[in-house]
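This is what each chain is made of:
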Amino acid sequence: RYSESLVIEYREQKKLDAKIVRLGEVLGAEVPLSVDKSWGKLIFESLMSRNLELDDDGLKSTYYVHILDAVYGMIKAQFSKDLPGYVYSIAYPEPITDLSLAYRLQELVPESGQIKFVDSKHSELNLDVQVYKPAESLAEVGWLPKVTFNQALSQTVAYNLDLVKAGNIGES
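### So, the overall build of the protein chain
Helix and strand content of the protein chain: 5 helices and 9 strands. Sequence-ordered secondary structure for the protein chain, helices as α and strands as β, is α-β-β-α-β-β-β-α-β-β-α-β-β-α. For the protein chain, with 172 residues in total, the buried portion stands at 37%. The contacts in the protein chain between residues at least 6 apart in sequence include a share of 81% that link residues at least 24 apart. Just so you have it, the protein chain exposes about 10400 Å², and 53% of that area is on carbon and sulfur atoms.

Put into C-alpha cells, the structure is as follows:
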C-alpha cells in the first residue's frame, strides 16, 4: 500500500490523471505457475499427480482474473476519461477458496491426488495477510470479465501441463 499512497500523493500534488489498478491473481494461456503461491502450488501438485495439500481448512480465498481481461481492464482504466475515482479492482467479482480450486483441479486433472489438509506453517505467527484488497470495480465504466474462471483455470492447466512434461517447471 506504500506505493499506492505515493501515487495518490503525487497525483494530488501535480494534478495528474493517475489511476491505481489492483489485479487479482492472473490466470490463462501463457501464464506460468508461481509455485510459491498457494494456487500455483495446487496446480503444480495436480499436474504431478500428487495429493493437493491445503493449509488449515482450505478456506483462504483469492481473487483471480484472466490475462486478457486484465489487459483490457488496464487499458480501459487508463484511457477512460470519465472515471470518478482512481483506485480500481480488476478481478472476478467473487473470490475463490483454495478448497474450491482443489475440487476444480480434480475435475480438470483426473490424475490429481486426494485433497489433504495440513496445519499451516504460519498459523502460530498469524501471518495471513491479504495482498489483494478489493476496490471499486471497473464494471461502472463497462469493464466486465469475458473469460470465466473455469476457462482461465483450464487454459493455465493446459499451458503448464506441457511445461511440466518438458521438465521446465520444478519446485522452488
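### Brief notes about helix α2 (residues 38-47)
Most of α2 is tucked away: 8 of the 10 residues are buried. Buried residues of α2: Trp39, Gly40, Leu42, Ile43, Phe44, Glu45, Ser46 and Leu47, and no others. In this structure, the buried side of α2 is in contact with β2 (25-27), β3 (52-55), β5 (64-66), α4 (98-108) and α5 (149-165). One or two positions beyond α2, positive phi appears at Ser49, with a value near 60 degrees.

### Side note on the pairing of strand β6 (residues 87-90)
Residue alternation in β6 divides its side chains into two sets, Val87 and Ser89 and Tyr88 and Ile90, and both sets are buried. Note that strand β1 (residues 20-23) and β6 share 4 bridges and pair parallel. When the bridges of β6 are listed, Arg22 appears paired with Ser89. Bridge count between β6 and strand β9 (residues 136-137): 2 bridges; the pairing is parallel. The residue bridging Tyr88 from the neighbouring strand is Glu136, located in β9.

### So, the pattern of salt bridges
For the structure shown, the criterion picks out 3 salt bridges. The salt bridge partner of Glu4 is Arg22, with a shortest N-O separation of 2.7 Å. Separated by 18 residues along the polypeptide, Glu4 in helix α1 (residues 2-14) and Arg22 in strand β1 bring together distant segments of the chain. Taken individually, Glu4 and Arg22 each receive the classification buried, so the pair is uniform in this respect.

Analysis parameters
- Residues numbered from 1 in each chain as written.
- Predicted model: local features only at pLDDT ≥ 70, side-chain atom pairs only at ≥ 80, totals over all residues.
- Heavy atoms only, no water.
- Helix = DSSP H or I, 4+ residues; strand = E, 2+ residues; numbered from the N terminus.
- Buried < 20%, exposed > 50% of the residue type's maximum accessible area, 1.4 Å probe, protein only.
- Contact = heavy atoms within 4.5 Å.
- Areas by Shrake-Rupley, 256 points an atom, 1.4 Å probe, with all protein chains shown as cover.
- Pairing = 2+ DSSP bridges.
- Salt bridge = Lys/Arg side-chain N within 4 Å of Asp/Glu carboxyl O.

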